[in-house]
Amino acid sequence: MSEALFSAIPYVAAGAAVAGVARRLMARAPASAPTPWTQSGRAVLAGAAIVGLNHLLGLLAPRVMQAFNASPGRLFTLEAVSLIGALLLAWGLAGLTVRRVREGQWSTAALLGLLFAQSLSGIYLAVAVRWGSAWYVHVVVPYLRSVLAFQPDASLLAQAPFIVQFHTLFGMVVLALALFIRARPEPITAPLLATPREETAR
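Residues numbered from 1 in each chain as written. Predicted model: local features only at pLDDT ≥ 70, side-chain atom pairs only at ≥ 80, totals over all residues. Heavy atoms only, no water.

Peer 1: Which parts of the structure should I look at to understand the overall build of the chain?
Peer 2: Secondary structure summary: the chain contains eight helices and zero strands in total. Listing the helices and strands of the chain from first to last along the sequence gives α-α-α-α-α-α-α-α. For the chain, the share of sequence-separated contacts (at least 6 apart) that also reach a separation of at least 24 residues comes to 80%. (Helix = DSSP H or I, 4+ residues; strand = E, 2+ residues; numbered from the N terminus. Contact = heavy atoms within 4.5 Å.)

Pasting the structure below:
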């Protein structure tokens, strides 16, 4: 992947995200009464919390993560917990995708499928390129911070393995599409992470 691609995709994705937020605000529906979460929904929330916190810690406090990973035992623990979180996320997304396909909610199913593909690429990355939390702060974090500073520098990321490049850029695209696709109006038969009332009444 060329450095020009690394420089362009983040801002294109950000533009799509802004458009998605605008559509979502304009298409906002009245809040419905809460319903019980499904097992897949709970798995998605738990997995996303673990994976998200790991990524955010490296981005916001890279020196803290470096200090934590100085101990091989702590590094192994962090990697193991992150992998468990990614597996939970993938399992939950797979269940939600199948459910939405059965309900005929194709746009939501497509979005969940993209998120599932991103989670699978993360799992593969964790297994194929080990100790991700250690090199993440040296390779990906500088790139993300340069993007946020509107001075994109992909020199280090451009030298990383393809799966690292793919996971980073595809993640930005998926997050942008998540806001855009989810805002499209469609008949919702049940909340995304919850069990329909008619199922809980049985």
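Peer 1: For this particular structure, what's the right way to read the confidence of the model for the chain?
Peer 2: Residues shown with low pLDDT carry predicted positions that ought not to be read at fine detail. The share of residues in the chain with pLDDT of 70 or more is 82%, and the mean pLDDT across the chain is 83. Here residues 196–202 scores under 50 on pLDDT; set against residues more than four positions off or in separate chains, the count is six contacts. (pLDDT = per-residue confidence, 0-100.)

Peer 1: Mind showing me how you'd approach helix α4 (residues 72–103) here?
Peer 2: Each α-helix turn comprises 3.6 residues. Residues three or four places apart therefore point the same way. Here α4 is 32 residues long and its end C-alpha atoms lie 47 Å apart, about the 46 Å a rise of 1.5 Å per residue gives. G104 sits one or two positions beyond α4 and adopts a positive phi of about 75 degrees. (Expected span 1.5 Å × (residues − 1).)

Peer 1: How do you make sense of the packing of aromatic side chains when you look at a structure like this?
Peer 2: Aromatic ring pairs are defined here through the distance separating the ring centres and the angle between the ring planes. In the structure shown here, the tally under the stated rule is four aromatic pairs. With centroids separated by 5.8 Å and ring planes inclined at 15 degrees, the aromatic side chains of Y11 and F150 adopt a geometry described as stacked. Pair noted here: Y11 is in helix α1 (residues 3–26) and F150 is in the loop between α6 (132–148) and α7 (162–182), with a separation of 139 residues, a long-range link. The class of Y11 is partly exposed, set by a relative accessible area of 29%. Linked through ring pairs, F162, F166 and F170 together constitute an aromatic cluster. (Phe/Tyr/Trp six-rings, centres within 6.5 Å; stacked < 30°, edge-to-face > 60°. Buried < 20%, exposed > 50% of the residue type's maximum accessible area, 1.4 Å probe, protein only.)

Peer 1: Can you walk me through the pattern of salt bridges in this structure?
Peer 2: This model, assessed by the stated rule, comprises two salt bridges. Note that E103 and R99 form a salt bridge whose closest N and O atoms lie 3.5 Å from each other. Of this pair, E103 and R99 both sit in helix α4, separated by four residues, roughly a single helical turn. Since its relative accessible area comes to 14%, R99 is described here as buried. Here E103 and R100 are joined by a salt bridge, their closest N and O atoms 2.5 Å apart. Here E103 pairs with R100, and both are found in helix α4, just three residues apart, close to one helical turn. For E103, a relative accessible area of 27% corresponds to the partly exposed category. The exposure class assigned to R100 is buried, which follows from its relative accessible area of 1%. Where salt bridges share partners, they join R99, R100 and E103 into one cluster. (Salt bridge = Lys/Arg side-chain N within 4 Å of Asp/Glu carboxyl O.)

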